[in-house]
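Architecture and fold: a report
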Amino acid sequence: IKEVTDLTVPELTPLLEDLRTKAAAKRLWLSLAARQVDEESKARITINNIQQTLEGIERNIKILMDQRDGETPWVVDADSYNHDGDTRYKLGFKPVYVGPYLQSHIWNRADKIVLSTATMPFRETPEKWLNRIGLDPRQYSFTTISKPMPFDAANRPVITDSTVGSLSGDGKQHHCDDVVSQLRVLSERHGDEKGLVHTVSYQWAERLHAHLNDIAMLHRSEDDRDAATIISQWQRSAKPMLLSPAMMEGVDLEGDRCRWQALAKVPYGNLGDSRVSHLVYRENDRQWYNEVTAQQII
């Protein structure tokens, strides 16, 4: 018996085809049922919403099948959850390369395409980036503009002498105490200055917090507060450190709101993600893997 997490798109093709057929049949049945109710009634609105959902299921399955037949690989993610005491699984399907999807469903809707980005991967080879997003480099012109950082280098040092060791695999088990000790050293070095520690995962944040709760505030996975609220509470607290995996972008920590940051783990992509795993292990695309990681750090 094969593990659910090891299922592939080819193995699930009969199931997907059956689902598409049943969705189409159900949508047809609802069309007939809709004729029996008033157009302005709640029942008609509900029927229309269900029909749109079924149509979306049909369309997405067709996209998946067409692209797979065109040799664009798709992968499967499986998440388990508990339902009335039983373990059930939710399957997610996604393309390894998004270019064909963008080309057939986004770019073909426009006569002209203008893109601007400050975080373009493959900066030295923009043609590779254009190919990745489904645009033929021979048909598009591109310009790279570089500007020097306006902040004095002395005010933005990147310090690497606090490196502890690899945290991949069982590295967290071996180096947890060393990471905790190093974070205490950094906090003491900065006194009362606020410091943000990027932990990559909530589990790692919780593990570190168990040893640092006297000086650190924890961003919990079940926390339903927004980032601004968490930061505001951290600013009012006496604890100088915030441990979080979700503050790498989209937050404003001007001036004394944060004077130092630390990476409690290099933010490499999750190899448990089926798409990341396919690109790294099946396609051997380490350049992409490292590029994305560098963007996260920057």
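Above this text sits the structure in question.
Numbering of residues starts from 1 in each chain and follows the order in which that chain's sequence is written. Note on the predicted model: pLDDT of at least 70 is required for a residue's local features to be given, and 80 or more for side-chain atom pairs to be given and counted; whole-chain, interface and lining totals, by contrast, use all residues. In computing side-chain properties, one takes all heavy atoms of the structure into account and sets aside hydrogens as well as water.

Look at helix α9 (residues 286–297): 17 Å from first C-alpha to last across twelve residues, which is about the 16 Å you get at 1.5 Å a residue. Of all the residues in α9, the buried ones are Trp288, Tyr289 and Thr293. Taken down its axis, α9 places every buried residue within 130° of arc, on the same side. Looking at the buried residues of α9, the elements they touch are α4 (126–132) and α8 (274–282). Strands here are runs of E lasting at least two residues and helices are runs of H or I lasting at least four, both read from the DSSP assignment and numbered beginning at the N terminus. In a helix, the anticipated span is given by 1.5 Å times the number of residues less one. Note on classification: 1.4 Å probe, protein chains only; a residue is buried when its accessible area is under 20% of the maximum for its type, exposed when over 50%, partly exposed between these limits. Think of the arc as the fan of directions from the helix axis to the C-beta atoms. Any two residues whose heavy atoms approach within 4.5 Å are treated as being in contact.

With that settled, consider the packing of aromatic side chains. Pairing of aromatic side chains requires ring centres within 6.5 Å, counting the rings of Phe and Tyr and the six-membered ring of Trp. Pairs whose planes differ by under 30 degrees are stacked, by over 60 edge-to-face, and all others tilted. Evaluation of the coordinates by the stated rule reveals one aromatic pair. Ring geometry for Tyr268 versus Tyr289: centroids 5.4 Å apart, planes at 15°, classification stacked. With Tyr268 in the loop between β6 (260–263) and α8 and Tyr289 in helix α9, this pair connects stretches of sequence that are 21 residues apart. For Tyr289, a relative accessible area of 7% gives the class buried. If you follow Lys26 out to its NZ or CZ, it ends over the ring of Trp29, 4.8 Å from the centre. For a lysine, the NZ atom is tested; for an arginine, the CZ atom; a charge sits over a ring if that atom is within 6 Å of the ring centre and within 35 degrees of the ring normal. Lying over the aromatic face of Trp204, Lys172 brings its terminal NZ or CZ to 5.8 Å of the ring centre.

Let us look at the environment of Leu30. Examined against the element boundaries, Leu30 turns out to sit in helix α1 (residues 9–34). Along the primary structure Leu30 and Arg44 are separated by 14 residues, whereas in three dimensions their C-alpha atoms are 9.7 Å apart. The residues contacting Leu30, other than those within four sequence positions of it, are Ile47, Ile50, Gln51 and Leu54.

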